[in-house]
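For reference, the chains in residue letters:
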Amino acid sequence: MRKTKRYPVEGSNALWQIYRTVPFLKVLRNFIVIQIARYTPIIPVKNWLYRTFLGMKVGDQTAFALMVMVDIMFPEKISVGRNTIIGYNTTILTHEYLIKEYRLGNVNIGDEVMIGANSMILPGVTIGDGAIVSAGSLVHKDVEAGAFVGGNPMSVIYTKDEMDKRKQMTNSDDI
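A.B. asks: How should I be thinking about the overall build of the chain in this particular structure?
C.D. replies: Along the chain, the regular secondary structure elements total four helices and 17 strands. The C-alpha atoms of the chain give 17 Å as radius of gyration, which agrees with the globular expectation for 175 residues (16 Å, within 12%). The burial tally for the chain puts 44% of its 175 residues in the buried class. Long-range pairs, those at least 24 residues apart, make up 37% of the contacts in the chain with a sequence separation of at least 6. Across the chain, the mean location of the 20 positive side-chain charges is 9 Å away from that of the 16 negative side-chain charges.

A.B. asks: I tried to follow the sheet that holds strand β2 (residues 57-58) on my own but got confused; where do I start?
C.D. replies: As a general point, the strands of a sheet are linked pairwise by backbone hydrogen bonds and lie either parallel or antiparallel. Strand order in the open sheet made by the four strands is β2-β5-β10-β13, with parallel pairing throughout. Whereas interior strands pair on both sides, the edge strands pair on one side only; in this sheet they are β2 and β13 (126-127). One ladder, built from two bridges, connects β2 with strand β5 (residues 78-80); its direction is parallel. The residue bridging Val58 from the neighbouring strand is Val80, located in β5.

A.B. asks: Which parts of the structure should I look at to understand helix α2 (residues 24-39)?
C.D. replies: Helical geometry: 3.6 residues make up each α-helical turn, so side chains three or four residues apart lie on a common side. An ideal rise of 1.5 Å per residue puts 22 Å on 16 residues; α2 measures up with 23 Å between its terminal C-alpha atoms. Among the residues of α2, those classed as buried are Lys26, Val27, Asn30, Val33, Ile34, Ala37 and Arg38. Along the long axis of α2, the arc covered by the buried residues comes to 135 degrees, so they all point the same way. Facing away from the buried surface of α2 by more than 90 degrees, the exposed residues are Leu25 and Tyr39. Residues of α2 that are buried in the fold lie against α1 (18-21), α3 (43-54) and β4 (69-70).

A.B. asks: Would you mind going over the side chain of Thr84 with me for this structure?
C.D. replies: The topology assignment puts Thr84 in the loop between β5 and β6 (85-86). Here the side chain of Thr84 touches Glu112 through a polar contact of 3.2 Å, landing on its backbone nitrogen. Discounting chain neighbours no more than four positions away, the residues touching Thr84 are Gln61, Thr62, Ala63, Ile109, Gly110, Asp111, Glu112 and Val113.

A.B. asks: So what exactly am I meant to see when it comes to α3 here?
C.D. replies: The terminal C-alpha atoms of α3 lie 16 Å apart, and with twelve residues this matches the ideal 16 Å at 1.5 Å per residue to within 8%. What α3 keeps buried is the set Lys46, Asn47, Leu49, Tyr50 and Leu54. Buried residues of α3, seen end-on, are gathered within an arc of 155 degrees and therefore sit on one face of the element. Count one or two residues on from α3 and you reach Gly55, which has phi positive near 75 degrees.

A.B. asks: In this structure, what is going on with the nonpolar core? I would like to understand it.
C.D. replies: Among soluble globular proteins, nonpolar side chains are generally buried collectively. Counting residues in each nonpolar core, the largest one holds 40 residues, and the members touching the most others are Phe64, Val70, Ile92, Ile109, Ile121 and Ile127. Put simply, the parts of the chain that give this core at least two residues each are α2, α3, β5, β9 (101-104) and β10 (107-109). In terms of residue count, α2 provides more of this core than any other element does, four residues in total.

A.B. asks: How should the packing of α2 against α3 be read in this particular structure?
C.D. replies: Describing two packed helices takes the angle between their axes plus the distance from one axis to the other. Across the interface, α2 lies against α3 with an axial gap of 9 Å and an inter-helix angle of 170 degrees. Viewed along their axes, α2 and α3 adopt a mutual orientation that is roughly antiparallel. In this structure, α2 contributes Arg29, Asn30, Val33, Ile34, Ile36, Ala37 and Arg38 to the contact, and α3 contributes Lys46, Leu49, Tyr50, Phe53 and Leu54. Taken together, the residues of the contact of α2 with α3 break down into eight nonpolar, one polar and three charged.

Procedures and definitions
Residues numbered from 1 in each chain as written. Predicted model: local features only at pLDDT ≥ 70, side-chain atom pairs only at ≥ 80, totals over all residues. Heavy atoms only, no water. Helix = DSSP H or I, 4+ residues; strand = E, 2+ residues; numbered from the N terminus. Rg over C-alpha atoms; globule rule 2.2 N^0.38 Å. Buried < 20%, exposed > 50% of the residue type's maximum accessible area, 1.4 Å probe, protein only. Contact = heavy atoms within 4.5 Å. Lys, Arg positive; Asp, Glu negative; His and termini not counted. Charge placed at Lys NZ, Arg CZ, Asp CG, Glu CD. Pairing = 2+ DSSP bridges. Expected span 1.5 Å × (residues − 1). Arc of directions from axis to C-beta. Polar contact = N/O pair within 3.5 Å; in protein donor to acceptor, adjacent residues only side chain to side chain. Core = buried A, V, L, I, M, F, W, Y, C linked by side-chain atoms within 4.5 Å. Axes fitted to C-alpha atoms, helices over the stretch in contact; angles between N-to-C directions. Parallel < 35°, antiparallel > 145°, perpendicular 65-115°, else oblique. Nonpolar A, V, L, I, M, F, W, Y, C, P; charged D, E, K, R; others polar.

In structure tokens:
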């Protein structure tokens with residue numbers, strides 16, 4: 001189960017009540033900053049925008065590809081470690097607005113993680129150091145450090161131990 005906090009709402013669905021949960025001017029500012037960052041091809045500028053204006057934690061040498069969409073309402077709940085790659089057109093969400101409730105959860109992405117293009121990361125997920133998420137994946141639960149995962153819904157393709165064994169076999173074939 002993802003680590004999210006639930007907030008019940010009464011009346012119309014939670015999305016209709018959006019500005020009771022987050023200030024309009026914050027969403028407007030975030031929208032503008034995120035759109036600039038999505039199209040900026042200069043990685044240090046993207047990271048600076050995310051850190052300075054959105055309050056995200058972004059590690060050194062981390063690279064967000066073009067068109068990455070970070071959460072527009074609560075980007076400060078996103079933490080990305082050092083030397084990580086977030087692939088083209090990936091979406092990172094920290095909120096879910098549902099009919100009778102909305103949910104918020106931190107997204108923690110470790111060091112030296114590779115997230116393939118067109119992936120979606122849902123609220124309340126932790127991706128461990130050295131993990132690989134294949135392109136087009138729906139990350140709906142935590143990913144262990146060093147694991148290789150993929151699919152929709154996501155499943156484990158190789159654990160860290162299995163990956164290490166494969167590397168040893170490949171290296172021994174080279175001798």
